[in-house]
Amino acid sequence: MEPDTRSRILDAAEKLLVQHGLDATTLRMITTEAQANLAAVNYHFGSKEALIEAVFRRRLTWLNEQRIAALDAFEAEAGGAPLKPRQIVEAFFGVAIRMAADKGGGQSFMRLLGRTYTEPSDFVRSFLAAEYAEVIARFKAAFFKALPDVPQEEFLWRFHFMMGALSYAISGADALRLLGPIDEPDPDALYARLMSFLIGGLRAPLPTLAPASQAKAAKKPRGKRAA
């Protein structure tokens, strides 16, 4: 086997998964793109699911390590005090936005990750939940400490919306064109716009809910805290 066969298969799979999605991308398509054969896929990965896991893990491990490192640095600087929410947003989302600007592979992967958020399969949903478990736990704890007056359920909804905004922003110019003649922004402009939007979402007033929903969601009193 050529020493770069595994990398060629991973690169081909990542490219095709972005273009066609998980279900529509076949092993035959991947081996054709990679100029490899099915035996090579079986040798290096064993199955299509294992190959897809390897595609995600190749870059997702690094991404989550960078997120934790950024959060660790902010917490060390804070010396036990709650972080500013904008610092936590920077640690989690800022790293991802910068990765999406990397045309050396990060951009393609982040588009794949964004597509996966909107077109999840049970297999990938379970896989990503396991990969994200430690990271999400750390960031939830930091947000809860930084925003004690925001009910935890309400914060989880906001985090959910923030993840959706990130997915849409990194999906590429095709999504932007649905709204009109918007050019694909340069990475710095995208970073500034998205970070401003995400922080604004955290600062938004708490919603007025129907009585039943309000009783369920209001675990803590409403209050104000600068983001």
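Residues numbered from 1 in each chain as written. Predicted model: local features only at pLDDT ≥ 70, side-chain atom pairs only at ≥ 80, totals over all residues. Heavy atoms only, no water.

Peer 1: Help me get a handle on the packing of helix α5 (residues 85–100) against helix α6 (residues 106–118), residues and values and all.
Peer 2: Here α5 crosses α6 at 120°, and the two axes come no closer than 7 Å. Regarding the angle of α5 to α6, the classification is oblique. Where α5 approaches α6, its residues Ala96, Met99 and Ala100 are matched on the opposing element by Gly106, Gln107, Phe109 and Met110. Here the contact of α5 with α6 is built from residues that sort into five nonpolar, two polar and no charged. (Axes fitted to C-alpha atoms, helices over the stretch in contact; angles between N-to-C directions. Helix = DSSP H or I, 4+ residues; strand = E, 2+ residues; numbered from the N terminus. Parallel < 35°, antiparallel > 145°, perpendicular 65-115°, else oblique. Contact = heavy atoms within 4.5 Å. Nonpolar A, V, L, I, M, F, W, Y, C, P; charged D, E, K, R; others polar.)

Peer 1: Summarise the packing of aromatic side chains; cite the residues concerned and give the values.
Peer 2: Taken as a whole, this structure holds 11 aromatic pairs when the rule is applied. A ring pair is formed by phenylalanine 92 and phenylalanine 139, whose centres lie 5.1 Å apart and whose planes are at 75°; its orientation type is edge-to-face. With phenylalanine 92 in helix α5 and phenylalanine 139 in helix α7 (residues 122–146), this residue pair connects regions lying 47 residues apart in the sequence. An aromatic cluster is defined as three or more aromatic residues linked by ring pairs; in this entry it consists of Phe92, Phe93, Phe139, Phe143, Phe144, Phe155 and Phe159. Over the ring of phenylalanine 92 we find arginine 67; its NZ or CZ atom is 3.9 Å from the centre of that ring. (Phe/Tyr/Trp six-rings, centres within 6.5 Å; stacked < 30°, edge-to-face > 60°. Lys NZ or Arg CZ within 6 Å of the ring centre and 35° of its normal.)

Peer 1: Residues and numbers for the pattern of salt bridges, please.
Peer 2: A full pass over the atoms with the stated rule returns 12 salt bridges. Between arginine 58 and aspartate 11 there is a salt bridge, with its nearest N and O atoms 2.9 Å apart. A residue pair is termed long-range when its members are at least 10 positions apart, and arginine 58 in helix α4 (residues 48–78) and aspartate 11 in helix α1 (residues 5–20) qualify at 47 residues. Exposure remark for arginine 58: the relative accessible area of 30% places this residue in the partly exposed category. When its relative accessible area of 40% is taken as the criterion, aspartate 11 is described as partly exposed. Aspartate 72 is the salt-bridge partner of arginine 138, the closest N and O atoms lying 2.8 Å from each other. Residue arginine 138 is found in helix α7, and its partner aspartate 72 is found in helix α4; the two are separated by 66 residues along the sequence. (Salt bridge = Lys/Arg side-chain N within 4 Å of Asp/Glu carboxyl O. Buried < 20%, exposed > 50% of the residue type's maximum accessible area, 1.4 Å probe, protein only.)

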